[in-house]
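An overview of the molecular structure
Chain by chain, the residues:
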Amino acid sequence: MTAELDPITLELIHSKVTSVIEEMRIVLFHSGYSTVLRESEDGSAGLLDAQLRTVSVSKKLPLHFGSFAAVADHLGEYYRLDELTDGDVIVFNHPYAGNVTHPNDTVVLMPVFVNQHLVAFTATLAHKADLGGPRQAHVPQDIWEEGLVIPPTKLYVRGEINPEVERFIAANSRIPVETLGDLRGQVAACRVGAQRVQELCTRFGIDVVRDGCAELMARVAGQLRGALEAMPDGSHEAEGFLDHDGIGYERRRRVHVVATKQGSDILFDFSGSDEQARGPVNVTSALIKNTCYFGLMAMTDASLPFNHGFVDVVRTKFKEGTVVCPRRGGPVSYYVPLAYLTADVVL
């Protein structure tokens, strides 16, 4: 820890980033047009550093952790960080390109600049009640049957709305007013978060805030490794079964994990899980990683904040083409039962 980053300053930064997330959540839910966002509060907020590492997220919906942690794995396929500008806003819901749940969950990502330097990203994830797709009588068998799929796309460019993108999204929703209203609420929440981050950088300086966020991640990773070190070494396996995939009612779907702990290292191996389903019960591997994150949080210290420290510590292994690592395009809209089953298996 540097002289500028003394324990008091670090705690102030920690408290501030936590309050930023909470304020973003409040703005998100108060701005929501749909009942699923305004009343059910099916949404989350996150803060990422300039390298897209998770600094802080809201903990109310742990299944959303992974959508923030996975942004860095895919955004570079669409935009380089050095081509983003102040006022840009990126939207996406593609389950295989950054969002890890299902197409109804839409992520809004906003780069934050201070004195023309990229210092952070604010992000929100919110469920959309309708983005096209089938009525309930039809069971989708790929993501294109599940509704509109949006790869990372600029909704705002240099602070100006891209009307073509907004019209395109509205045209693919049965309730366009609610859908666009919720989306604009997500943007508003990101703007509030960006303003608070800028104020924090003005108060302490960009370098101090950057180092403070890095220290917060390192501390979480250190606490996790310390807790793992105190546990006995060994390898344990567990499995669970989903009754059916919505299409083949005669066959159950198996999730299998082998957890191997050695010293301060832990590996969750899901390679023995069943092949991916035709029905939409598959879960992306990034979301399965998420069940390992909050499973480890529950086993060690539930009060720990979620940040990139978990990503640094937890290792996973998958076999492509399974229910927990479907091939790109596999249907995932009914992911929740298998995701929670996997969480039970991990625990």
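Right, let's walk through the structure included here. (Residues numbered from 1 in each chain as written. Predicted model: local features only at pLDDT ≥ 70, side-chain atom pairs only at ≥ 80, totals over all residues. Heavy atoms only, no water.)

1. Here we look at the overall build of the protein
Condition: For helices the rule is a DSSP run of H or I covering at least 4 residues; for strands it is a run of E covering at least 2, with both sets numbered from the N terminus onward. Every radius of gyration here is taken over C-alpha atoms, with the globule rule written as 2.2 Å times N^0.38, N being the number of residues. Relative accessible area decides the class of each residue, using a 1.4 Å probe on protein chains only: under 20% of the type maximum gives buried, over 50% gives exposed, and in between gives partly exposed. We call two residues contacting when some pair of their heavy atoms lies within 4.5 Å. The charged-residue count follows a simple rule in which Lys and Arg add positive charge and Asp and Glu add negative charge, with His and chain termini not counted at all. Taken as the charge location is NZ of Lys, CZ of Arg, CG of Asp or CD of Glu.
A count of helical and extended segments in the protein gives ten helices and eleven strands. In terms of overall size, the protein behaves like a compact globule, its C-alpha atoms giving a radius of gyration of 20 Å where 347 residues would be expected to give roughly 20 Å. Along the longest, intermediate and shortest principal axes, the C-alpha atoms of the protein span 60 × 55 × 35 Å. For the protein, with 347 residues in total, the buried portion stands at 55%. Long-range pairs, those at least 24 residues apart, make up 68% of the contacts in the protein between residues at least 6 apart in sequence. Charged side chains of the protein number 32 positive and 44 negative; the gap between the two group centres comes to 2 Å.

2. Brief notes about unusual backbone geometry
The phi dihedral of Glu-41 falls on the positive side, at around 55 degrees, and the residue is not glycine. When you line up the elements, Glu-41 lands in the loop between helix H2 (35–38) and strand E1 (43–49). In this structure, Leu-52 is a non-glycine residue whose phi angle is positive, near 70 degrees. Position of Leu-52 among the secondary structure elements: in the loop between E1 and strand E2 (54–57). Classification of Leu-52 by relative accessible area gives buried; the value is 6%.

3. Here we look at the nonpolar core
Counted only if it meets this: Take the buried Ala, Val, Leu, Ile, Met, Phe, Trp, Tyr and Cys residues and link them wherever side-chain atoms come within 4.5 Å; each set so joined is a nonpolar core.
Membership of the largest hydrophobic core comes to 58 residues, with the highest contact counts inside it found for Leu-109, Phe-268, Phe-270, Phe-306 and Phe-310. In terms of residue count, the dominant contributor to this core is helix H8 (residues 285–300) (eight residues). Look past the residues within four positions of Leu-109 in its chain and what remains in contact with it is Leu-52, Val-71, Leu-75, Asp-88, Val-89, Ile-90, Phe-92, Phe-121, Thr-122 and Ala-123. Formed by 47 residues, the second largest nonpolar core is a distinct cluster that contains Val-91, Val-119, Ala-120 and Val-165.

4. Quick look at the packing of helix H1 (residues 7–31) against helix H7 (residues 206–230)
To be explicit about the condition: Axes here refer to lines fitted to C-alpha atoms; in helices the fit is confined to the stretch in contact. Angles between the N-to-C directions go from 0 to 180 degrees. Reported orientations rely on four angle classes, namely roughly parallel under 35 degrees, roughly antiparallel over 145, roughly perpendicular from 65 to 115, and oblique for the rest. Three classes are used: nonpolar for Ala, Val, Leu, Ile, Met, Phe, Trp, Tyr, Cys and Pro, charged for Asp, Glu, Lys and Arg, and polar for all others, with Gly counted as polar.
Interhelical geometry of H1 versus H7 gives an angle of 85 degrees and a closest axis separation of 10 Å. Between H1 and H7, the angle is such that the two are roughly perpendicular. Every residue of H7 that contacts H1 at Thr-9, Leu-10, Ile-13, His-14 and Val-17 is listed here: Val-208, Val-209, Gly-212, Glu-215, Leu-216 and Arg-219. The residue inventory of the contact of H1 with H7, partitioned by class, reads six nonpolar, three polar and two charged.

5. Structural notes on the side chain of Thr-106
Among the secondary structure elements, Thr-106 is positioned in strand E4 (residues 105–114). Excluding its chain neighbours within four sequence positions, the residues that come into contact with Thr-106 are Val-91, Phe-92, Asn-93, Thr-124, Leu-125, Ala-126, Lys-128, Leu-131, Leu-183 and Gln-186.

6. Thoughts on the sheet that holds strand E10 (residues 265–269)
Spelled out, the test is: When DSSP finds at least two bridges between two strands, those strands are taken to pair.
One open sheet holds the four strands; their spatial order is E8-E9-E10-E11, and the pairing between them is mixed. On the outer flanks of this sheet lie strand E8 (234–242) and strand E11 (314–317), each paired with one strand and no other. Neighbouring strand axes in the sheet, compared pairwise and without regard to direction, differ in orientation by 20 degrees on average. Two elements, E8 and strand E9 (residues 253–262), share nine bridges in a ladder whose sense is antiparallel. Its bridge partner lying in E9, His-236 is registered against Ala-259. H8 contacts E10 and E11 of the sheet and is inclined by roughly 145 degrees relative to E11. Contacts between helix H10 (residues 336–346) and the sheet are confined to E8, E9 and E10, with E8 contributing the most and set at about 150 degrees to the helix.

7. Comments concerning the sheet that holds E1
One open sheet accounts for seven strands, arranged E2-E1-E5-E4-E3-E6-E7; its pairing is antiparallel. What marks the edges here is a single partner per strand, and that holds for E2 and strand E7 (160–161). In terms of strand pairing, E4 meets strand E5 (residues 117–127) through ten bridges, oriented antiparallel. Note on E5: the bridge partner recorded for Phe-113 is Leu-118.

8. Overview of the pattern of salt bridges
Note the following rule: In what follows, salt bridge is the name for a side-chain nitrogen of Lys or Arg lying within 4 Å of a carboxyl oxygen of Asp or Glu.
For the structure on display, the rule yields 19 salt bridges. Between Arg-38 and Glu-39 there is a salt bridge; the shortest N-O distance is 3.4 Å. The exposure class of Arg-38 is partly exposed, given its relative accessible area of 34%. Among the charged side chains, a network of salt bridges with common partners joins Glu-22, Arg-25, Glu-41 and Lys-60.

9. A look at H1
Basically, it comes down to this: A helix is expected to reach a length of 1.5 Å times the quantity of its residues less one. Definition of a polar contact: a pair of N or O atoms within 3.5 Å, with one able to donate and the other able to accept a hydrogen when the atoms are protein atoms, and with sequence-neighbouring residues admitted only if both atoms are side-chain atoms.
Here H1 contains 25 residues, and its C-alpha end-to-end distance of 36 Å stays within 8% of the 36 Å for a straight helix at 1.5 Å per residue. What H1 keeps buried is the set Thr-9, Leu-10, Ile-13, Val-17, Val-20, Ile-21, Met-24, Arg-25, Val-27, Leu-28 and Phe-29. Those residues of H1 that are buried lie in contact with H2, E1, E2, E5, helix H6 (176–204) and H7. Where H1 starts, the residue carrying a side-chain oxygen 3.0 Å from the main-chain nitrogen of Ile-8 turns out to be Asp-6.

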